[in-house]
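Residue-level listing of the chains:
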Amino acid sequence: MGRKHEPMKTSSSRWQTLRANLPRLVDKYCGHDLKCWQSCDGFMALMYRPTDAAALGVARMLFGLMMLIDIPEERGGGDLDFRWGDPSGCKFPLINGMEPMSYPRMGIVYLIMWLGALGIMLGYRFRLTSLMFVISYWYVFLLDKSAWNNHSYLYGLLGTLFLFTDAHKFLSLDALRDKGLQREVPFWNYFILKYQFFILYFLAGLKKMCAEWLSGYAMTNLSYHWVFLPFRLLIGAKLTDLLIIHWFGCIFDTSVVFFLIYAPTRKMATLFACAFHLMNSRLFHIGMFPWVCLTQLPLYYSVSWPRIVWEKLSLNNNKCHDKVDKLKETPNCPKPQSTPTMRNKMAMFSMVFYCGLQLFLPYSHFITKGYNNWTNGLYGYSWDMMVHAWDTVLTSIKVVDNHNNHSLYLLPYAFVDNDRWTKHADMAYQFAHCIDRNIHEEYRTDRISMTNFSVHFDIWCSMNGRFLQRIFNPQVDILTASWSPFKAVDWLLPLLHEFTEMRSMIDKMTHEVHSWSNTSDVLFVADFPGLTLDNYIVPDMDNVTLTILEGSVEYRHAKDSKIKHLQKGQSLHNIPPMFHHVTTTSTTPSSMLYTYVNKTMKAAPTEEELAERRQSKPMLPLWNEFNQRYRNYVRFLQHVGNSLLYEIYGVPMPRRVRITPDETTWTTE
């Protein structure tokens, strides 16, 4: 018998079939009728659909709790005296000219922030306390770009979003005080929060879809952490770095929210998300970020899940069941109950604008060119989490007395407590002018005589395993240089992409040199035409050899006026101690390597010593972390109390002064 063949479907018929099935697929996937998104009235009806406030109330309470823990830590509350107490300390505000308040008043600002977070957690006078938290948080946030992170930006956004929701209608003191308060919220209260986390995950994944991340250069050697031990034993360290950390990290970020939305995959996605964030809490010092994400995961479950849980735990099941039934969601795309008011329309317009803005800002760097460096934009709103790893080898701050033609060198951490400014031209510009301000302040006290001076930065960095190179032009006086948020920085030196493909060679030669002995090492350097590398060889370094990989250079030692010309492939052996100078004479950038033996380097530990160290170091130092947080909280409360005493009674405030990075002393102002 012959088999009857069905006619092949044309592309138009397949498209018609897809269009016919699309509403059913959308409803099955996300639980919303496609018609809701096809008209303004349908969208308004969906967003204002009465929805149980239970899950939102729990999310609000947990967010407030996380912020109460965060304020003494990453917000710097436990180190208020270090962060805001030194008048000569340099800050990096987003808006030039924006200055912090005095140290005591900054303590009051932190108190307002803390009370606001407490009010959010308790749901007490929710609008007022949320406003207290949001205003004080953004004020502290905008005062110092060097403290920005993706998650600190996220906290500010979440606090602002909660401010405009009705998250105080469940599990709150406001609901307890007002028995007549409705227990329903518009659906958009949930939608906007879930959308924000979609942006967090999805854009972080898109940012990882680049050669830097997918080639495994961002998070090298992370596989040696104990959390990756099972993977390392199974596939080895290198493949763990590449496949688990980089590839799976990218796949997880881009897909996790889609799996959380779809009910059949929600539980499995939750398990992966919990494992992901718990691992991050062990791998990185990122404060409450993993815990904030964990506390907000239940938003993707039923809006009545707290009532359902309570119903299962309660002895009076029927009563709780009735409450859940009364607050059960209305149909997915309900008909509008009334004509939307102007306030409703403005609220929806604001929400849609916010959603579009969150999509646009991470890719707005073609406008804010002044913040672009080797990476685009400031670290924070771009969601480029962990995509770039930096190695800063040298930070030279030269202050030139133009009147006496004399140069002084400033300690890199003289007026700052981190080196974020070394990677961003806008912060380097602000830092130079802060140095200018501090020097003139010293001049007014007659302790120095320098009035006409210039500031030069010579900073050598390596990004994602590349050659060490300068990031700023050392010949430019930053005090007289121009900077604008909307113009490219002309004194920023470009990343030498022509040497990017040599990173595999760098890895291979590094392993080869390290195999020579336990004290041998190698340094890879690249420089621009016409610039001179001033390198100091300490007496403890032996058998120093310079090899030119690309370009040509002139070599001159400080004790010898003779100039030596080196071309590609040539080497200079046994370079003596003290300064030597290497000037790039080729029309293209040069690259070179130094191999040397460090006579004072300790021999590599034996396997027995490494095993002993691993045993002595706790895998989960939870008790130590708890004690550290407790001490931070005690110091925070002391700082706030001292601020109140100073503002009310004029009691002098004690302040710690950092002598060295590891030592402090106390003074009283």
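Analysis parameters
- Per chain, residue numbering runs from 1 following the sequence as it is written.
- The predicted origin of the model limits local features to residues at a pLDDT of at least 70 and limits the giving and counting of side-chain atom pairs to 80 or more, whereas totals for whole chains, interfaces and linings rest on all residues.
- Side-chain measures were taken over the full set of non-hydrogen atoms in the model, leaving aside hydrogen atoms and water.
- In this text, helices come from DSSP runs of H or I with a minimum length of four residues, and strands from runs of E with a minimum of two, each type numbered from the N-terminal end.
- Whether two residues are in contact is decided by their heavy atoms, any of which lying within 4.5 Å being enough.
- We get accessible surface area from the Shrake-Rupley algorithm with a probe of 1.4 Å; when it comes to residues, only the shown protein chains can shield them.
- The term disulfide is used for any two cysteine sulfur atoms that are within 2.5 Å.
- Exposed residues in this analysis have more than 50% of their type's maximum accessible area, buried residues have under 20%, and partly exposed residues fall in between, with area computed by a 1.4 Å probe over protein chains only.
- Joining through side-chain atoms within 4.5 Å is the link that ties buried Ala, Val, Leu, Ile, Met, Phe, Trp, Tyr and Cys residues into a set, and such a set is a nonpolar core.
- In this description, strands pair whenever DSSP reports at least two bridges between them.
- Positive charges come from Lys and Arg alone, negative charges from Asp and Glu alone, with His and the N- and C-terminal ends not counted.
- Salt bridge, as used here: a side-chain nitrogen of Lys or Arg that lies within 4 Å of a carboxyl oxygen of Asp or Glu.
- By the criterion applied in these results, polar contacts are pairs of N or O atoms within 3.5 Å in which, for protein atoms, one can donate a hydrogen and the other can accept it, and in which residues neighboring in sequence qualify only through two side-chain atoms.
- An axis is simply a line fitted to the C-alpha atoms; with a helix, the fit covers only the stretch in contact. Between two such axes, the angle follows the N-to-C directions and lies from 0 to 180 degrees.
- Geometric relationships in this document are graded by angle, where less than 35 degrees denotes roughly parallel, more than 145 denotes roughly antiparallel, 65 to 115 denotes roughly perpendicular, and other angles denote oblique.
- The sense of a crossing depends on the near helix, which, turned anticlockwise from the far helix by less than a right angle, makes the crossing left-handed and, turned clockwise, makes it right-handed.
- When residues are grouped by polarity, Ala, Val, Leu, Ile, Met, Phe, Trp, Tyr, Cys and Pro land in nonpolar, Asp, Glu, Lys and Arg in charged, and all others, Gly among them, in polar.

**Student:** Which parts of the structure should I look at to understand the overall build of the protein chain?
**Tutor:** Across its full length, the protein chain carries 21 helices and 16 strands. Residue pairs at least 24 apart in sequence account for 72% of intrachain contacts in the protein chain once pairs closer than 6 positions are excluded. Carbon and sulfur atoms form 61% of the exposed surface of the protein chain, whose accessible area is close to 35,400 Å².

**Student:** Sorry, what's going on with the state of the cysteines here?
**Tutor:** Cysteine pairs can be linked by a disulfide, which is a covalent bond between their two sulfur atoms. Enumeration over the complete set of coordinates arrives at 1 disulfide. Residue C90 pairs covalently with C434 via a disulfide, S to S 2.0 Å. One disulfide, between C90 and C434, carries an S-S torsion of -90 degrees and so falls in the left-handed class. With C90 in the loop between α4 (80–84) and α5 (103–122) and C434 in helix α18 (residues 425–444), this pair connects stretches of sequence that are 344 residues apart. Since its relative accessible area comes to 4%, C90 is described here as buried. With no disulfide of its own, C210 lies closest to C250 among cysteine sulfurs, the gap being 8.4 Å.

**Student:** Just to check I follow, could you spell out the nonpolar core for this structure?
**Tutor:** A general tendency of soluble globular proteins is for nonpolar side chains to be buried together. Of all hydrophobic cores here, the largest spans 135 residues; its most connected members are F133, W421, F431 and F457. In this structure, F457 is in contact with S396, I397, W421, A428, F431, A432, I435, F472, N473, P474 and I478, ignoring residues within four places of it in sequence.

**Student:** For this particular structure, what's the right way to read the sheet that holds strand β4 (residues 406–410)?
**Tutor:** Where strands meet in a sheet, backbone hydrogen bonds hold them as pairs that are either parallel or antiparallel. Taken together, the 4 strands give an open sheet; going across it, the order is β4-β3-β5-β6, and neighbouring strands pair in antiparallel fashion. Bordering the open sheet on either side are β4 and β6 (469–470), each of which pairs with just one other strand.

**Student:** Whenever I open this one, the side chain of K91 confuses me. Can you help?
**Tutor:** Of note, K91 is situated in the loop between α4 and α5. D144 is the oppositely charged side chain nearest to the buried, salt-bridge-free K91, at an N-O distance of 5.2 Å. Of note is the side chain of K91, whose polar atom sits 2.9 Å from the backbone oxygen of R83. Among residues more than four places away in sequence, those in contact with K91 are R83, W84, L143 and D144.

**Student:** What is the right way to look at the sheet that holds strand β10 (residues 553–557) in this model?
**Tutor:** Here we have 4 strands laid out as an open sheet, ordered β8-β13-β10-β11, and antiparallel in their pairing. Every other strand in the sheet has two partners, leaving β8 (532–537) and β11 (563–566) as the edge strands with one partner each. Taken over all neighbouring pairs, the strand axes of this sheet differ in orientation by 25 degrees on average, direction set aside.

**Student:** Hey, could you run me through the packing of helix α9 (residues 188–208) against helix α12 (residues 237–261) in this one?
**Tutor:** As a packed pair, α9 and α12 sit with axes 7 Å apart at the nearest point and diverge in direction by 150 degrees. On the basis of their axis angle, the class for α9 and α12 is roughly antiparallel. Crossing handedness for the pair α9 and α12: left-handed. Judged by residue contacts, F197, F198, Y201, F202, A204, G205, L206 and K208 of α9 engage G249, C250, F252, D253, T254, V256, V257 and F258 from α12. Here the residues of the contact of α9 with α12 sort into 11 nonpolar, 3 polar and 2 charged.

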